[in-house]
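For reference, the chains in residue letters:
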Amino acid sequence: MGFSYLMPNYARLPVKFVRGEGVYLYDDRGREYIDLISGIGVNSLGYNHPKLTKAICDQARELIHISNLFEVPYQEELAQKLVETSFGAEGGKVFFCNSGAEANEALIKLIRKYWRDRGEDRYEIITFRGSFHGRTYGSLSATGQPKLHEGFEPMLEGFRYAEFNNIESVKNLINDKTAAVLLEVIQGEGGVNPADGDFIEELYNLTREAGILFAIDEVQTGNGRTGRYWGFQHYGVVPDLFSTAKGLGGGVPVGALVAKNEVAEHFTPGSHGSTFGGNPLAMRAGLVVYGELESGLLNHVQRVGEYFKSALESLDKGRVKGKGLMLGLELEKPCKELVLKGLEKGLVFNCTAQRVLRFLPPLVITESEIDRAVEVLGEIL
Ligand SMILES: Cc1ncc(COP(=O)(O)O)c(C=O)c1O
């Protein structure tokens, strides 16, 4: 690529997409691709979804942004969906922002505020090696990957990293400064690594015994991606608070922090905020996504997720990991080159943690589209 006015922080792939329809993307030469990454787990309803497109156009004519100086149309409605699908009758409250990193930033601040307000000097958050929580200083400090910290030190104080799926390593880090544990129940960027059931149960019990907060990053696993509304629902535990973003707006940037009432109340007026957070355009988009999940899409994800997983297993090329439509295929060798081969053959997917092919297709993908994609994948592998 020649001269660019853009900063060189992205190593971009050699394709220029200009349009999408359903699970298909089209490049500037009119070539068709099956999209198995959906803008990194964002475009949950695929491209040009009639209801989503209509809601966005309608809302653009009414009000795109008004700021949180005022009551914002549709915030209550979407917040209700997030709370009802997670905490149910117990209830909870939501803070809206614009991205996953911002949701985690809010989560970290709320954890600290919760303990400060109670007069306790607890500020350390235990996170995990291989995790990914974002690129802002708080969320990056929470991220347990030294290579992402490199050159940006010093990190924010107060993060300790335990080994994923190793309860002893967590126990060893708990002390009188510990405020919370924060984790992804399936590490996404870290290589599509699901937590073990026993580990999550023990971790949850450990937080109850220690009297600390149990926080989950549902940025990638949330909003139906794994076949449940929230990833933690596969494990029979409920966190005290969780962050989300990505698929929530079906492509419109939006993030959220959801917390139980007794935690949420510590975000008192003026303590935290966002100019764009929870704007009516994003809220309308989120409501369409939730409307679709409720009217059959969530069940669809469970069904096609199993189907996709079996199809990947039948290729017999490596270990298949993940849940629902958050799947990984762990290979013996680096997979970066395969992404380019995929593009040549009209298939879009991603390679993470060097050897894991990652699949986060639009949630609306069908069995026959999966058949087509897996056939091409078989050829590439
Ligand atoms: C689990 C998790 N948390 C946080 C983030 C950061 O989200 P964003 O890129 O929207 O800031 C990501 C992004 O990949 C993620 O996968």
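Check the entry above for the structure.
These numbers come from a predicted model, not from an experiment.

J.: Is there a simple way to think about the site of the ligand in this case?
T.: Close to the ligand lie 13 residues, the nearest being Gly 100, Ala 101, Asp 217, Gln 220 and Lys 246. Note that an oxygen atom of the ligand is positioned 2.8 Å from one of the backbone N or O atoms of Gly 100. One of the side-chain nitrogen or oxygen atoms of Glu 189 is found 3.3 Å away from an oxygen atom of the ligand. Relative to its unbound accessible surface of 400 Å², the ligand loses 82% to contact with the protein. Of the residues assigned to the shell around the ligand, the class counts are 3 nonpolar, 6 polar and 4 charged.

J.: Even after reading the chapter, I still don't get the packing of aromatic side chains, so can you show me in this structure?
T.: When we look at a pair of aromatic rings, we describe it by the centre distance and by the angle of the planes. Tallied over the full model, the rule gives 14 aromatic pairs. Taking 5.6 Å as the distance between ring centres and 75° as the angle between the ring planes, the aromatic pair formed by Tyr 204 and Phe 214 counts as edge-to-face. In this pair, Tyr 204 sits in helix H8 (residues 197-210) while Phe 214 sits in strand S10 (residues 213-217), placing the two residues 10 residues apart along the sequence. By way of ring pairs, the aromatic residues Phe 87, Trp 230, Phe 232 and Phe 242 are connected into one cluster. Over the face of the ring belonging to Tyr 26 we find Arg 19, whose NZ or CZ atom lies 4.3 Å from the ring centre. Taking the ring centre of Trp 115 as reference, the NZ or CZ of Arg 122 above it sits at 5.4 Å.

J.: Which parts of the structure should I look at to understand helix H11 (residues 336-344)?
T.: Because the α-helix completes a turn every 3.6 residues, residues three or four places apart line up on one side. Taken together, the buried positions of H11 are occupied by Leu 338, Val 339, Gly 342 and Leu 343. Down the axis, H11 shows its buried residues gathered within 145° of arc, on one side only. Facing away from the buried side of H11 by over 90 degrees, the exposed positions are Glu 337 and Glu 344. Contact partners of the buried residues in H11: strand S1 (17-21), strand S3 (32-35), strand S15 (347-348), strand S16 (350-352), strand S17 (356-359) and helix H12 (367-380).

J.: Help me understand the sheet that holds strand S2 (residues 24-27), please; the structure alone is not making it clear to me.
T.: Each strand in a sheet pairs with its neighbour through backbone hydrogen bonds, running either in the same direction (parallel) or in the opposite one (antiparallel). Read from one edge to the other, the open sheet built from 4 strands follows the order S1-S2-S3-S15, with strand pairing classed as mixed. Each edge of the sheet is formed by a strand with only one pairing partner; in this case those strands are S1 and S15.

J.: Any chance you could explain the pattern of salt bridges here in plain terms?
T.: Where charged atoms from two side chains of opposite charge come close, those side chains can pair. Tallying each qualifying case throughout the model produces 22 salt bridges. Where Glu 367 meets Arg 303, a salt bridge forms, and the shortest distance between an N and an O atom there is 3.3 Å. Of this pair, Glu 367 sits in helix H12 while Arg 303 is found in helix H10 (residues 280-315), placing the two residues 64 residues apart along the sequence. Here the salt bridges do not stand alone but share partners, grouping Glu 90, Arg 208, Asp 240 and Lys 260 into one network.

J.: Teacher, can you tell me more about unusual backbone geometry here?
T.: Among all residues except glycine, the phi angle is most often negative; among peptide bonds, the trans geometry is most common. A cis geometry characterises the amide bond from Glu 153 onward to Pro 154, with omega recorded as 0°. Within the fold, Pro 154 resides in the loop between helix H6 (146-149) and strand S6 (159-162).

About the cut-offs
- Residues numbered from 1 in each chain as written.
- Predicted model: local features only at pLDDT ≥ 70, side-chain atom pairs only at ≥ 80, totals over all residues.
- Heavy atoms only, no water.
- Near = heavy atom within 4 Å.
- Polar contact = N/O pair within 3.5 Å; in protein donor to acceptor, adjacent residues only side chain to side chain.
- Areas by Shrake-Rupley, 256 points an atom, 1.4 Å probe, with all protein chains shown as cover.
- Nonpolar A, V, L, I, M, F, W, Y, C, P; charged D, E, K, R; others polar.
- Phe/Tyr/Trp six-rings, centres within 6.5 Å; stacked < 30°, edge-to-face > 60°.
- Helix = DSSP H or I, 4+ residues; strand = E, 2+ residues; numbered from the N terminus.
- Lys NZ or Arg CZ within 6 Å of the ring centre and 35° of its normal.
- Buried < 20%, exposed > 50% of the residue type's maximum accessible area, 1.4 Å probe, protein only.
- Arc of directions from axis to C-beta.
- Contact = heavy atoms within 4.5 Å.
- Pairing = 2+ DSSP bridges.
- Salt bridge = Lys/Arg side-chain N within 4 Å of Asp/Glu carboxyl O.

Function-wise, these values are silent; they only describe arrangement.
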